[in-house]
Amino acid sequence: MKGIVFTEFLEMVEAKFGDEMVDKIIDDAALPSDGVYTAIGTYDHQELLSLVALLSEYTQLPIPQLVEKFGHQLFGQFLAGYPGFFSGINSALDFLANVENYIHVEVLKLYPDAELPTFEYDRSIPGALVIVYRSTRPFASLALGLIKGCIEHFGEEIELEAEDLSFGKGTAMKFTLVKQG
Ligand code: HEM
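Cut-off values and rules
Residues numbered from 1 in each chain as written. Predicted model: local features only at pLDDT ≥ 70, side-chain atom pairs only at ≥ 80, totals over all residues. Heavy atoms only, no water. Helix = DSSP H or I, 4+ residues; strand = E, 2+ residues; numbered from the N terminus. Buried < 20%, exposed > 50% of the residue type's maximum accessible area, 1.4 Å probe, protein only. Polar contact = N/O pair within 3.5 Å; in protein donor to acceptor, adjacent residues only side chain to side chain. Contact = heavy atoms within 4.5 Å. UniProt positions renumbered as here; feature names shortened; annotations may be inferred. Arc of directions from axis to C-beta. Core = buried A, V, L, I, M, F, W, Y, C linked by side-chain atoms within 4.5 Å. Domains from an automatic or database assignment.

Looking up the protein in an unreviewed UniProt entry gives the name Heme NO-binding domain-containing protein, with the organism given as Candidatus Methylobacter oryzae.

### Focus on the side chain of Lys2
For Lys2, the location among the structural elements is in the segment before α1 (3–17). Judged by relative accessible area, Lys2 falls into the buried class, the value being 8%. A distance of 2.8 Å separates a polar side-chain atom of Lys2 from the backbone oxygen of Ile40. Those residues in contact with Lys2 that sit more than four places away from it in its chain are Ala39, Ile40, Gly41, Thr42, Tyr111, Asp113 and Ala114.

### Describing the UniProt feature "domain: Heme NO-binding" (unreviewed entry) in the protein
Following the UniProt record, one finds the feature "domain: Heme NO-binding" (unreviewed entry) at residues 2–161. For residues 2–161, the helix share is 57%, the strand share is 10%, and the end-to-end C-alpha distance is 28 Å.

### Overview of helix α6 (residues 99–110)
When we look at burial in α6, the residues that qualify are Val99, Ile103, His104 and Val107. With its buried residues spanning 85 degrees around the axis, α6 presents them on a single face. Projecting away from the buried face of α6 at angles above 90 degrees are the exposed residues Asn101 and Lys109. If you follow the buried residues of α6, they end up packed against α5 (92–96) and β1 (118–122).

### Brief notes about the nonpolar core
In terms of nonpolar packing, the biggest core is built from 58 residues, with Phe9, Ile25, Leu48, Leu51, Phe95, Phe175 and Leu177 touching the most fellow members. Ranked by residue count, the leading element in this core is helix α7 (residues 140–154), at nine residues. Counting only domains with at least three residues in this core, you end up with domain 1 (3–61) and domain 2 (67–179). Setting aside residues up to four positions removed in sequence, Leu51 forms contacts with Phe6, Phe9, Leu10, Ile25, Ile26, Ala29, Leu31 and Tyr37.

Okay, structure coming up:
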């Protein structure tokens, strides 16, 4: 997993729970990287899962909730860091429908070793978008948070439903978005 994801995660932990929490989870996780991440480096995604598990233990907040909040925040970072992906797009459904065939394709050009999920889409119903997330890694809650961040950014009223397709493993999830009004 790219270092940018780790650096953003640790920034979120610092902002929400303070410096000591960052030090505590890094120390206790005994990570191969020692918790030293550069944005362009690549690290085992298990390190992120270890950090999240410890954060959950110390904050008593459920792992999926923490990962979702992180996704929400990460969307803001993507918005600031990759403005080109947003130019000419003014709806959340149009933006999200671009992730698989455009945005993540460009991400892979920038970071050839990025490990990305796949998304399948159904846009057959006007005003609605169905997205099926699949990954070998358990980051469905990250996708949920990113989708929520995206909806908030475009300021539209969209009903969102998430249906787990992986028996709680977090590796497959169906998202149904329906624009209201
Ligand atoms: C400007 C928009 C976006 C950019 C620049 C971007 C970029 C990235 C990058 C750099 C990674 C890390 C790859 C790695 O760790 O090796 C990633 C992973 C991921 N992206 Fe995106 N992404 C964007 C939008 C989205 C959106 C809107 C979603 C949700 C629908 C999404 C879902 C994910 C998920 C869930 C992962 C974690 C890897 C996995 O699940 O296997 N991304 N993305």
